[in-house]
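Chain and residue survey
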Amino acid sequence: MKTAGRMNRRQSTLIFLVCAAGVLAVVMIMGIALEDAALETDFSRTNLAPCPEYLFGTDWMGRDMFVRTLAGLSLSIRIGILTAAVSAVMALLLGTAAAMLGSRADAVISWVIDLVMGIPHILLVMLISIACGRGFAGVVAGVSLSHWPSLARVIRGEVLQLKQAPYILAAEKLGASRIANVRRHMIPHLLPQFLTGTILLFPHAILHEASVTFLGFGLSSEQPAIGVILSESMQYLTTGRWWLALFPGLCLVAVVILFALLGERARMLLDPSSVHE
Amino acid sequence: MKHRLQFAAKKLLRMALLLLGVSLVSFLLMCASPLDPLQTNVGQVALGSMSQEQVAQLEAYWGVDTPPVQRYVGWLLGVLHGDLGSSLLYRQPVLAIIGQRLAGSVLLLLTAWIISGILGMTLGVIAGACRGQWPDKLIRGYCLLISSTPAFWLAILLLLIFAVWLGWLPVGLSVPIGMDAASVTLTDRLSHAVLPALTLSITGVANIALHTREKMVDVMESDYVLFAKARGESMRSIVLRHGLRNVLLPGITLQFASISEIIGGSVLVEQVFSYPGLGQAAVTAGLGSDLPLLLGITVITSAIVFGGNLIADLLYGVVDPKIRRRAAKG
């Protein structure tokens, strides 16, 4: 029904993907470049409300909240990418192992999945972070070791289903080697699921990193993390400094939404059942 | 009936094993911590000024000098006698603290759980029934926004609006400051619980609404709905008689499975509102390296989560005749 001049859905989705990834990359790079500026204090400009010069205002030490927020977002994105990647690899390995290595391995891995999912997420991240002595290492370990079970479960189910799929059985009967079978028939089917699953891990990873840091189990208070900024802002809420909490939080929500949309659109592109819509 | 009992017994055994695993994993994680409980709670300066004997006494109190295996076995034996040990920070039995804190949290958790369940299901049914139209787009947008918002920031935002800006509701805690415990009225308690419960209810909606929507879309595309339309049934009757019934079962299951998320959210929300519940106790215990208390809280909350999953599994059989018959056959 589309007119000839307009782009089709596939093209507009692609353009959206490139733009969203571009925005996130720019935020990440600007944040790295501004890391030093974010720590700069200037007591001649403390507690300023948002104005054209300081878009997000300044805090009680005269730090520019806009710069701090950017640096914090950049840190969040980097931690998010790192932890989501580690989680995804763990999910892939354990998910395929559960499906391929027989019923005993399956029972053990499924039990571990149930175990990890049984502990409330935030408590588990807290516990792992404590085990690693909090700080950067604690957050990264906590978030990456707690986010794999749901994706591992999906991959396990997919591989189990694939093993019995008629076209795979037919290929085996036709004499295709095991490796060829995995490469030519299984990976093309699994890859889209795995990729979108990985992208959709980012939002969770970023939110949990911010939450755990907010509670005091994550990044130390010198670092310009969003969780630190928000937990500091708590002390100034009742005195009416709303900008300390409002803008950094809004930006975090925007970044997370961008990641979530990225994952959803990527799935539409990669999933064979919706690719032609 | 016999099959159902067998099924329940098997699930219970699995649950007990999982709980044992949870306690072992949490214990090991806490033991592996390089954080010294003496340094965090007593402080470097105070430790330096103490005599050797005092330090040794403190070490014994915090259990630093006992080997981990002995500590864990001791803890496990205590649990079998119904004793979860004593909290090192509060100097009270862990069970007493958990009971006291849970009583504060239950009000929050239960209201949030019920409200988010009903609201989420309703929104999901509406979105699914109007697929592609504006109510659907609106609800989906709302779900995306909410699931991308950290619970603690939403709590801060509500605090800013309703407590600081409008001044309608108190800023924090579960009772007014400086008031005699006896003179605290029910209204006081409720007004302090409104904001935390509201935050939790809002955040809990997204997941169940999206899942219910998917199910509802499937139902609306099914042959029996097509037939109902052909018979001339009204939209209202289709949604109520065909949609709702089929969506209810997965919805209820999902709602029982979401207990873990609500408890996780309550940790953050209670911290923002300084609401004296279980979540806040967990944060205090974690920051203060209070091993017995954190271990107790982890095990109890996991037991609640597993209990929710168990109820969901059992409900499946009770509510859905198809599954009941299949279980009886197999």
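Residues numbered from 1 in each chain as written. Chains lettered and ligands numbered in written order. Predicted model: local features only at pLDDT ≥ 70, side-chain atom pairs only at ≥ 80, totals over all residues. Heavy atoms only, no water.

1. Describing the overall build of chain A
When you go through chain A residue by residue, the secondary structure sums to 11 helices and zero strands. Listed by position from the N terminus, the elements making up chain A come as α-α-α-α-α-α-α-α-α-α-α. In terms of overall dimensions, chain A has a C-alpha envelope of 80 × 55 × 30 Å along the principal axes. Within chain A, contacts between residues separated by at least 24 positions form 69% of all contacts whose residues are at least 6 apart in sequence. (Helix = DSSP H or I, 4+ residues; strand = E, 2+ residues; numbered from the N terminus. Contact = heavy atoms within 4.5 Å.)

2. Here's the deal with the overall build of chain B
If you tally the helices and strands in chain B, you get 15 helices and zero strands. A total of 330 residues make up chain B; the buried ones form 46% of that total. Counting only contacts in chain B whose residues sit at least 6 apart along the sequence, the fraction spanning at least 24 positions is 72%. Accessible area of chain B: about 17000 Å², with a carbon and sulfur share of 66%. (Buried < 20%, exposed > 50% of the residue type's maximum accessible area, 1.4 Å probe, protein only. Areas by Shrake-Rupley, 256 points an atom, 1.4 Å probe, with all protein chains shown as cover.)

3. Describing the interface of chain B and chain A
Listed as interface residues are 44 residues of chain B and, on the opposing side, 41 residues of chain A. Summed over both partners, the interface of chain B with chain A comes to about 3700 Å²; 81% of that surface belongs to carbon and sulfur atoms. Looking at the side of chain B facing chain A, the largest losses of area belong to Leu 29, Phe 152 and Trp 153 of chain B, adding up to 16% of the total buried there. The salt bridge involving Arg 14 of chain B is made with Asp 114 of chain A; its shortest N-O contact spans 2.5 Å. Where chain B packs against chain A, one counts three residue pairs in polar contact (both at pLDDT 80 or more). Counting residues per element, the ones that place at least two in the side of chain B that touches chain A are helix H1 (2-31), helix H7 (134-147), helix H8 (151-165), helix H12 (259-273), helix H13 (278-287) and helix H14 (291-319) of chain B. (Buried area = accessible area lost by both parts, 1.4 Å probe. Salt bridge = Lys/Arg side-chain N within 4 Å of Asp/Glu carboxyl O. Polar contact = N/O pair within 3.5 Å; in protein donor to acceptor, adjacent residues only side chain to side chain.)

4. Overview of helix H11 (residues 243-270) of chain A
Here H11 of chain A contains 28 residues, and its C-alpha end-to-end distance of 40 Å stays within 8% of the 40 Å for a straight helix at 1.5 Å per residue. Burial of H11 of chain A is extensive: 20 of the 28 residues sit out of reach of the surface. (Expected span 1.5 Å × (residues − 1).)

5. Quick look at the pattern of salt bridges
If you walk through the whole model with that rule in mind, you get 10 salt bridges over all chains. With a closest N to O distance of 2.7 Å, Asp 114 of chain A and Arg 153 of chain A form a salt bridge. In this pair, Asp 114 of chain A is assigned in helix H4 (residues 102-118) and Arg 153 of chain A in helix H7 (residues 149-163), connecting sequence segments 39 residues apart. Look at the salt bridges and you will find they share partners, linking Asp 136, Arg 140, Arg 213 and Glu 214 of chain B into a network.

6. Topic: unusual backbone geometry
Residues and elements named next belong to chain A. One non-glycine residue, Arg 134, lies in positive phi territory at about 55°. Its place among the elements puts Arg 134 in the loop between helix H5 (121-131) and helix H6 (135-146). Residue classification places Arg 134 among the buried positions, given a relative accessible area of 17%.

7. Thoughts on the packing of helix H3 (residues 65-100) of chain A against H4 of chain A
Residue and element names in this part refer to chain A. It is at 6 Å that the axes of H3 and H4 come closest, and there the two elements cross at 140°. Between H3 and H4, the angle is such that the two are oblique. Within the contact between the two elements, H3 uses Leu 94, Ala 97, Ala 98 and Met 100 and H4 uses Gly 102, Ala 105, Asp 106 and Ile 109. Counted by class, the contact of H3 with H4 contains six nonpolar, one polar and one charged residues. (Axes fitted to C-alpha atoms, helices over the stretch in contact; angles between N-to-C directions. Parallel < 35°, antiparallel > 145°, perpendicular 65-115°, else oblique. Nonpolar A, V, L, I, M, F, W, Y, C, P; charged D, E, K, R; others polar.)

8. What about the side chain of Ser 148 of chain B?
Relative to the helices and strands, Ser 148 of chain B resides in the loop between H7 and H8. With residues near it in sequence (within four places) discarded, Ser 148 of chain B still touches Leu 207, Val 253, Val 256, Ile 257 and Ala 260 of chain A.

9. A look at the domain arrangement of chain B
A common measure of how large an interface is: the accessible area buried when the components associate. Residue and element names in this part refer to chain B. Looking at the assigned domains, one finds that chain B contains domain 1 (21-83) and domain 2 (98-329). Between domain 1 and domain 2, a total of about 940 Å² is buried, with carbon and sulfur atoms accounting for 77% of that surface. Sorting the residues of domain 1 by area buried against domain 2 places Val 22, Met 30 and Trp 75 first, and these three jointly supply 51% of that buried surface. Inspection of the region where domain 1 meets domain 2 yields zero salt bridges. Applying the counting criterion to the domain 1 and domain 2 interface returns zero residue pairs in polar contact (both at pLDDT 80 or more). Among the elements of the structure, H1, helix H2 (37-41) and helix H5 (68-80) are those that each provide at least two residues to the side of domain 1 that touches domain 2. If you tally residues by element for the side of domain 1 that touches domain 2, the top one is H1, at six residues. Grouping the constituent residues of the side of domain 1 that touches domain 2 by class yields seven nonpolar, four polar and one charged. (Domains from an automatic or database assignment.)

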